[in-house]
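Chain and residue survey
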There are 2 protein chains.
Amino acid sequence: MSEITRIALDAMGGDNAPGEMVKGAIDALGREKDIKVYLIGKEDVVNAELSQYTYDKERIGVIHATEVIETAEPPVNAIRKKKDSSIVVGMKMVKEGKADAFVSAGSSGAILVGGQVIVGRIKGVERPPLAPLIPTEKGVSLLIDCGANVDARPSHLVQFAKMGSIYMEHVLGVQNPKVGIVNIGAEEEKGNALVKETFPLLKEEKGINFIGSVEAREIPHGQADVVVCEAFAGNIILKLYEGVGSVLIGKVKEGLMSSLRSKIGALLIKPALKTTLKSFDATEYGGAPLLGLNGLVVKTHGSAKAKEVSNTLLQCVTFKKQKINEKIKESIQPE
Amino acid sequence: MSEITRIALDAMGGDNAPGEMVKGAIDALGREKDIKVYLIGKEDVVNAELSQYTYDKERIGVIHATEVIETAEPPVNAIRKKKDSSIVVGMKMVKEGKADAFVSAGSSGAILVGGQVIVGRIKGVERPPLAPLIPTEKGVSLLIDCGANVDARPSHLVQFAKMGSIYMEHVLGVQNPKVGIVNIGAEEEKGNALVKETFPLLKEEKGINFIGSVEAREIPHGQADVVVCEAFAGNIILKLYEGVGSVLIGKVKEGLMSSLRSKIGALLIKPALKTTLKSFDATEYGGAPLLGLNGLVVKTHGSAKAKEVSNTLLQCVTFKKQKINEKIKESIQPE
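Residues numbered from 1 in each chain as written. Chains lettered and ligands numbered in written order. Predicted model: local features only at pLDDT ≥ 70, side-chain atom pairs only at ≥ 80, totals over all residues. Heavy atoms only, no water.

Description of the sheet that holds strand 3 (residues 60–64) of chain B
Residues and elements named next belong to chain B. Strand order across the open sheet formed by 6 strands is 3-2-1-4-11-10, with mixed pairing between neighbours. Each edge of the open sheet carries a strand with a single partner, namely strand 3 and strand 10 (288–290). Taken pair by pair, the neighbouring strands of this sheet meet at an average axis angle of 25°, ignoring direction. Where strand 2 (residues 35–41) and strand 3 come together, 5 bridges link them in parallel fashion. Note on strand 3: the bridge partner recorded for G41 is H64. Against the sheet, helix 10 (residues 306–321) engages strand 1 (5–10), strand 2, strand 4 (101–104), strand 10 and strand 11 (296–299), with an angle of about 145° to strand 1. (Pairing = 2+ DSSP bridges. Helix = DSSP H or I, 4+ residues; strand = E, 2+ residues; numbered from the N terminus. Axes fitted to C-alpha atoms, helices over the stretch in contact; angles between N-to-C directions. Contact = heavy atoms within 4.5 Å.)

Dropping the structure here:
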């Protein structure tokens, strides 16, 4: 018999909580049998949502948490003070072995702080990176690190490369994933001090398929499966992706509405365009894991809907079944 | 009588040289009377192109240069060895006061090295930044620095902010341009070591309109007119802009071609879409100036066509008429 993956899901976090969180949990139950979801949040609110569905009561639990950490709150303070918040309660379940994973669409800052402070790092992991999936022409790449700890050291980046490779190979199913380091030119001698120091270390590393530098222009073309960078650059890349995308799509829509002729054209192209643009949407693949922790913490988009939540829950099952943390332990601390 | 701006134009650099370079020069002559353009390159080749046009021979000169620096050549070496290349010859004209500006679509590396080594910095300028214009929802912003010198110091960034403000105000005509520093959050305490050190310096600086941190997501929305960052981040932003743009437009085109219905729609929307996407194209505004030099050096896109070349030549005229270098000198070295 297969092992059950137990997931604590923050029912209160994100723009569409609790409705889409609960809906996502119910949906995941229908897609995967070896899963149990604990919905963390205000009991009455969560139960009211649950009452709309018919589901296997054995596989859904409700854990009462009276507080909610808001996105605007300073994270360190929030984690320390709001002991009965859905984020703190859910993370403690992972820490205490009552859940295998914690999933939240809530405050990124609180999730990053809580992951380190409550769940804790795997021994040997210097920094747990936040690794979102970004859409590319070919599918999806892992951008590692987009967390809150900037000014990384070369040894951190090497660990990111290893953890990212394991994740892409065993959770996303990419064979021998290509690892690239974000740089401003393709040549080995290019880059800032951090990249120049990290480059030879990655080249020496046997467990990964290092392809060298990746220029930012090539990232959307999917040149590397694992895109390694420190968090300052990672945040720029992640957010510029969103910004350029939304402005360009806005410009296209503006163009479509500019004349009667183009409006008629717009009606004709709408279904086809929707399908193609959907293929350039990473939320289909699930949330961003915070890797290197004693357990799993996944941050979904603040705007996550049921489908992303459900995909993320299934991603947690794969994470456990593929024994990702055991693989990370072996890779970071070879005997 | 107005003063003439004399511009040395690299007739041999870029994908469309010499044809589009020569065409751009001829076009600029028709748009601006106070201009003289020296075409630098192989005399016979340039003259053959020129023979296609009727133009004011007083305002076009041809300067023979036998060599061409290729994009793939290591820049320092190329500048040192190829004394008779169009880039070296053109830059020497600026150095010797025979031209006010040098414009090239050739090797970025060679232009950056040559600008510093041949043309030389204004006294007090620590680092000459390369400052391309990037398209935004509202128009265009100056991204400063995208040069080759990474690992900048806070004092460099402060100078970039000052020079960028002067350029946007007096060349682009943006009144009281908003200056932002690229950061991973809006709060003052966020950022890497460089940003944290630079932030209070920019806040104190009286000559600029500092609006604080700008997240990468907001750059395409045009939140700041002058977007300050060190060159590693600047290169990522510039190239990711291109990458995401080209992949997204590619996806849209793929969508349009996916069915008969969408193909008919595509025909109807084509003219409107072309016009709107053109508004998201910074080449309309001209090339990227390398600021803080004893003269002006402008890098146009490698793929520059006559229109961008012509716009860039006019940009050089404004630069001289508005006495930008005198303003930079005053700002960098107050008496």
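Observations regarding the packing of helix 9 (residues 260–278) of chain A against helix 8 (residues 231–256) of chain B
Direction vectors running N to C along helix 9 of chain A and helix 8 of chain B enclose 135°, while the axes themselves pass 8 Å from each other. Classified by the interaxial angle, the pair formed by helix 9 of chain A and helix 8 of chain B is oblique. The two elements helix 9 of chain A and helix 8 of chain B cross, and the hand of that crossing is right-handed. Contacts from A:I269, A:A272, A:L273, A:T276 and A:L277 in helix 9 of chain A reach B:L248, B:K251, B:V252, B:E254, B:G255 and B:L256 in helix 8 of chain B. Residue composition of the contact of helix 9 of chain A with helix 8 of chain B, grouped by class: 7 nonpolar, 2 polar and 2 charged. (Parallel < 35°, antiparallel > 145°, perpendicular 65-115°, else oblique. Left-handed = near helix turned anticlockwise from the far one by under 90°. Nonpolar A, V, L, I, M, F, W, Y, C, P; charged D, E, K, R; others polar.)

Quick notes on the relation of the copies chain A and chain B
The two copies are related by a screw operation: chain A maps onto chain B through 180° of rotation and 0.0 Å of translation along the axis, at an RMSD of 0.0 Å. Considering both components of the superposition, the chain copies are consistent with a two-fold axis. Considering only C-alpha atoms, the part of chain A nearest the rotation axis is A:G265, at 1.9 Å. Looking at chain A, 100% of its interface residues are interface residues in chain B too, so the copies touch through the same face. (Least-squares fit on C-alpha atoms with pLDDT ≥ 70 in both.)

Overview of the pairing of strand 4 of chain B
Residues and elements named next belong to chain B. By the alternation rule, side chains of strand 4 split into A101 and V103 and F102 and S104, which are all buried. Note: strand 1 against strand 4, 3 bridges, orientation parallel. By the bridge assignment, I7 is partnered in strand 4 with A101. Alignment of strand 4 against strand 11, held across 4 bridges, turns out to be parallel. (Buried < 20%, exposed > 50% of the residue type's maximum accessible area, 1.4 Å probe, protein only.)

Concerning the interface of chain A and chain B
Opposite the 53 residues of chain A that make contact, chain B presents 53 residues. Buried area between chain A and chain B, summed over both chains or domains, comes out near 4800 Å², and the portion from carbon and sulfur atoms is 75%. The largest per-residue losses of area from chain A upon contact with chain B belong to A:I184, A:F232 and A:L240, which jointly make up 14% of the total buried on that side. Across the chain A-chain B interface, the total number found is 4 salt bridges. In this structure, A:E242 engages B:R217 in a salt bridge whose closest nitrogen and oxygen atoms are separated by 2.9 Å. The tally of links from chain A across to chain B stands at 14 residue pairs in polar contact (both at pLDDT 80 or more). (Buried area = accessible area lost by both parts, 1.4 Å probe. Salt bridge = Lys/Arg side-chain N within 4 Å of Asp/Glu carboxyl O. Polar contact = N/O pair within 3.5 Å; in protein donor to acceptor, adjacent residues only side chain to side chain.)

Some points on the pattern of salt bridges
All names here are of chain B. This structure, assessed with the given rule, holds 28 salt bridges over all chains. The partner of R59 in a salt bridge is D56, and the shortest N-O contact between them spans 3.1 Å. Measuring nitrogen to oxygen at the nearest pair gives 3.7 Å for the salt bridge that ties E205 to K162. Of this pair, E205 sits in the loop between helix 7 (193–204) and strand 8 (209–215) while K162 sits in helix 6 (residues 154–170), placing them 43 residues apart in sequence.

Structural notes on a positive patch on the surface
Residues and elements named next belong to chain A. Taken together, the side chains of R80, K81, K83 and K92 present a region of like positive charge at the surface. Mapping R80 onto the fold places it in helix 3 (residues 75–81). A relative accessible area of 53% means that R80 is categorised as exposed. (Patch = residues over 30% accessible without salt bridge, like charges linked within 9 Å, V, L, I, M, F, W, Y side chains within 5 Å. Areas by Shrake-Rupley, 256 points an atom, 1.4 Å probe, with all protein chains shown as cover. Lys, Arg positive; Asp, Glu negative; His and termini not counted. Charge placed at Lys NZ, Arg CZ, Asp CG, Glu CD.)

Side note on helix 1 (residues 19–31) of chain B
All names here are of chain B. Across its 13 residues, helix 1 extends 19 Å between first and last C-alpha, which sits within 8% of the 18 Å expected from 1.5 Å per residue. Every buried residue of helix 1 is listed here: G19, M21, V22, G24, A25, I26, A28 and L29. For helix 1, the secondary structure elements touched by its buried residues are strand 1, strand 2, helix 2 (43–50), strand 3 and helix 10. (Expected span 1.5 Å × (residues − 1).)

Examining the environment of A:L133
All names here are of chain A. On the secondary structure map, L133 appears in strand 5 (residues 133–135). With relative accessibility at 7%, the residue L133 sits in the buried group. Residues L133 and G287, 154 residues apart in the sequence, show an inter-C-alpha distance of 7.5 Å.

Thoughts on the state of the cysteines
Residues and elements named next belong to chain B. With the rule as written, the count across this model stands at 0 disulfides over all chains. Here C146 is not disulfide-linked; the sulfur of C229 is the nearest cysteine sulfur, at 5.8 Å. Residue class for C146 comes out buried when judged on its relative accessible area of 4%. (Disulfide = S-S within 2.5 Å.)

Structural notes on the environment of A:M163
Residue and element names in this part refer to chain A. Tracing the chain through its elements places M163 in helix 6 (residues 154–170). A relative accessible area of 1% means that M163 is categorised as buried. Taking the C-alpha atoms as reference points, M163 and S331, separated by 168 residues in sequence, lie 8.0 Å from one another. In contact with M163, other than residues within four places in its own chain, are V125, R127, P129, L291, G292, I328 and I332.

A closer look at the confidence of the model for chain A
Across chain A, pLDDT averages 93, with 99% of residues at or above 70. With a pTM of 0.93, the predicted complex shows an ipTM of 0.91. (pLDDT = per-residue confidence, 0-100.)

Some words on the sheet that holds strand 6 (residues 140–144) of chain B
Backbone-to-backbone hydrogen bonds join strands into a sheet, with any given pair of strands oriented parallel or antiparallel. Residues and elements named next belong to chain B. On the basis of which strands lie adjacent, the open sheet formed by 5 strands has the order 5-6-9-7-8 and mixed pairing. Each of the sheet's edge strands pairs with one partner strand only, and the pair in question is strand 5 (133–135) and strand 8. Between one strand axis and the next, the sheet turns through 35° on average, direction left out of account. In this sheet, strand 6 lies alongside strand 5 in antiparallel orientation, the contact comprising 3 bridges. Paired with I134 across the bridge in strand 6 is S141. Contacting strand 7 (178–183) and strand 8, helix 7 runs over the sheet at an angle of about 165° to strand 7.

Examining the nonpolar core
Counting residues in each nonpolar core, the largest one holds 168 residues, and the members touching the most others are A:L39, A:I219, A:L313, B:L39, B:I219 and B:L313. Aside from chain neighbours lying at most four places away, what touches B:L39 is B:L9, B:A11, B:V22, B:A25, B:V46, B:L50, B:I60, B:G61, B:V62 and B:I63. (Core = buried A, V, L, I, M, F, W, Y, C linked by side-chain atoms within 4.5 Å.)

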